[in-house]
Amino acid sequence: MLETKNLNVVYTSGSSLSFKKKRIVAVEDVSLKIQKGKTLGLVGESGCGKSTLGRAILGLVPIESGSIFLDEEPIHEKSRKEWLPIRKKIQVIFQDPYSSLNPRMTIEEIISEGLIVHFPGLNKLKIRELVATILNKVNLSTNILQRYPHEFSGGQRQRIAIARALVLEPELVVCDEAVSALDISTQASVINLLKELKSMLNLSYLFISHDLGIVRYISDFIAVMYLGRIIEYGNKNDLINNPKHPYTKALFSSSFDIKNRDKERVVIKGEIPSVLDKPKGCHFHTRCPIAKDICRVESPPKVDSEGDNWTFCHFPMSNK
Ligand SMILES: Nc1ncnc2c1ncn2[C@@H]1O[C@H](COP(=O)(O)OP(=O)(O)O)[C@@H](O)[C@H]1O
Ligand SMILES: [Mg+2]
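Residues numbered from 1 in each chain as written. Chains lettered and ligands numbered in written order. Predicted model: local features only at pLDDT ≥ 70, side-chain atom pairs only at ≥ 80, totals over all residues.

A count of helical and extended segments in the protein chain gives 10 helices and 12 strands. For 320 residues, the compact-globule formula gives about 20 Å, and the C-alpha radius of gyration of the protein chain, at 21 Å, lands near that figure. If you line up the protein chain on its principal axes, its C-alpha atoms span 70 × 45 × 40 Å. When the 320 residues of the protein chain are sorted by exposure, 36% land in the buried category. Sequence separation of at least 24 residues holds for 64% of the intrachain contacts in the protein chain that already meet a minimum separation of 6. (Helix = DSSP H or I, 4+ residues; strand = E, 2+ residues; numbered from the N terminus. Rg over C-alpha atoms; globule rule 2.2 N^0.38 Å. Buried ≥ 20, exposed ≤ 12 C-beta atoms within 10 Å, placed from the backbone. Contact = placed C-beta atoms within 7 Å.)

So, in structure tokens, the structure goes:
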């Protein structure tokens, strides 16, 4: 349903003097597919480019090169005006339910705002009806319509944010660390709600998270990102049980350690290198337990395995 081809997103940082500006290639040559009605989990350490990829798909950051297709229609070439109908189809739920809801708007205004923008012909009664229907779906009462965001807990606010996104009947929802700010028990109920809504409304999710346990629970497919590149993609069970890339293997083996379950950072030998100075060849070679000379100089090739699974590695691990 959504496809990116050789997508590159570059930020410039540093002094405004052009000769001092540095290029940060936050998303590097990313080609990925998200299937209709499925959840693609996007994992990787902090700073590897997950949010930037999500924002590029949402049209919130300019892309340097490559393309993005929604239902086979190229959306990366659209002007701001042409983006309006696409915006309805691709919605977002951000991490922080405190800053993502306007404190001066009532819950009714927050949820109906998108309807008013995208369906200017709808009358007030119909809008009320749609808002009530979606509130019911996210297990909130219509009694809250005239209240303000500050009156609600984090979990309730995230339900409101979900209602705001889903009232427009999108095809794809980008969830960027959507439950990371919630406590564990609230996380579980919001995740289960997202799962239920997915099958009820035939949604697709791009589920971005550093929490491997949650990604493991919610995803159908998983993409693993490292310093801007997707280094492995596959259906969940194959990718976790039979990883082809040494990074994927290390990432998921550390997540199975219950002590690490809540940690922001994944435990892998060595520090993640700076995006400003990515290692040549395979970006992972400086931390890879099986790196050889070729890994230090040549970018790894794409290696396909069963199904639609693939990895970028000079020495992918074989089936055992
Ligand atoms: N607006 C920005 N300007 C410059 N650099 C940015 C900006 N946003 C993110 N970056 C950099 O791009 C890289 C990827 O960031 P991000 O996509 O937020 O990663 P993640 O979501 O995986 O933590 C990081 O090195 C980050 O510092
Ligand atoms: Mg992020």
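The structure having been displayed, the exposition proceeds.
Where strands meet in a sheet, backbone hydrogen bonds hold them as pairs that are either parallel or antiparallel. Across the sheet, 8 strands lie side by side as β6-β7-β8-β3-β9-β10-β12-β11; this open sheet has mixed pairing. Each edge of the open sheet carries a strand with a single partner, namely β6 (90–93) and β11 (302–304). Put simply, the sheet's adjacent strands are angled 20 degrees from each other on average, direction ignored. Sheet topology note: the β6/strand β7 (residues 172–176) ladder contains 4 bridges and is parallel. If you follow V92 over to β7, its bridge partner there is V174. Sitting on the sheet, helix α5 (residues 154–166) touches β6 and β7, and the angle it makes with β6 is about 175 degrees. (Pairing = 2+ DSSP bridges. Axes fitted to C-alpha atoms, helices over the stretch in contact; angles between N-to-C directions.)

Quick look at the sheet that holds strand β2 (residues 22–34) now. Ordered by their spatial adjacency, 4 strands build an open sheet running β2-β1-β4-β5, and the pairing between neighbours is antiparallel. The open sheet has two free edges, formed respectively by β2 and β5 (73–74), since each of these has just one partner strand. Pairing geometry for strand β4 (residues 65–70) and β5, over 2 bridges, is antiparallel. Residue pairing across strands places L70 opposite E73, the latter belonging to β5.

Quick look at helix α1 (residues 50–57) now. Most of α1 is tucked away: 7 of the 8 residues are buried. Residues of α1 that are buried include every one of K50, S51, T52, L53, G54, A56 and I57, and no others. Where α1 terminates, the next one or two residues include G59, which has phi positive at roughly 75 degrees.

To continue, consider α5. An ideal rise of 1.5 Å per residue puts 18 Å on 13 residues; α5 measures up with 18 Å between its terminal C-alpha atoms. Among the 13 residues in α5, 11 count as buried, and that is most of the element. Every buried residue belonging to α5 is among G155, R157, Q158, R159, I160, A161, I162, A163, R164, A165 and L166, and all of these are buried. Contacts from the buried residues of α5 go to β6, α3 (107–118), α4 (124–137), β7 and α6 (184–201). (Expected span 1.5 Å × (residues − 1).)

A few words on the site of ligand 1. The environment of ligand 1 is made up of 13 residues, and the closest members are Y11, A26, K50, S51 and T52. Only β1 (2–13), β2 and α1 provide two or more residues apiece to the shell around ligand 1. No other element matches α1, which puts 3 residues into the shell around ligand 1. Considered class by class, the residues forming the shell around ligand 1 number 5 nonpolar, 7 polar and 1 charged. (Near = placed C-beta within 6 Å. Nonpolar A, V, L, I, M, F, W, Y, C, P; charged D, E, K, R; others polar.)

Phi angles above zero are rare outside glycine, and D71 is one such case at about 50 degrees. The exposure class of D71 is exposed, given the 12 C-beta atoms found within 10 Å. Positive phi outside glycine occurs at E169, with the angle close to 50 degrees. Here E169 falls in the partly exposed class, since 15 other C-beta atoms lie within 10 Å of it.

We now examine the nonpolar core. Counting 75 residues, the largest nonpolar core has L42, A163, C175, L206, F207, A223 and V224 as the members making the most contacts within it. Apart from the residues within four sequence positions on either side, F207 is in contact with T39, L40, G41, L42, C175, V215, I218 and S219. (Core = buried A, V, L, I, M, F, W, Y, C linked by C-beta atoms within 7 Å.)

What follows is about the environment of I208. Among the secondary structure elements, I208 is positioned in strand β8 (residues 204–208). Exposure remark for I208: the 24 C-beta atoms within 10 Å place this residue in the buried category. Note: C-alpha distance between I208 and G281 (73 residues apart in sequence) is 26 Å. Those residues in contact with I208, other than ones at most four positions away along the chain, are L42, K50, S51, G54, C175, D176 and E177.

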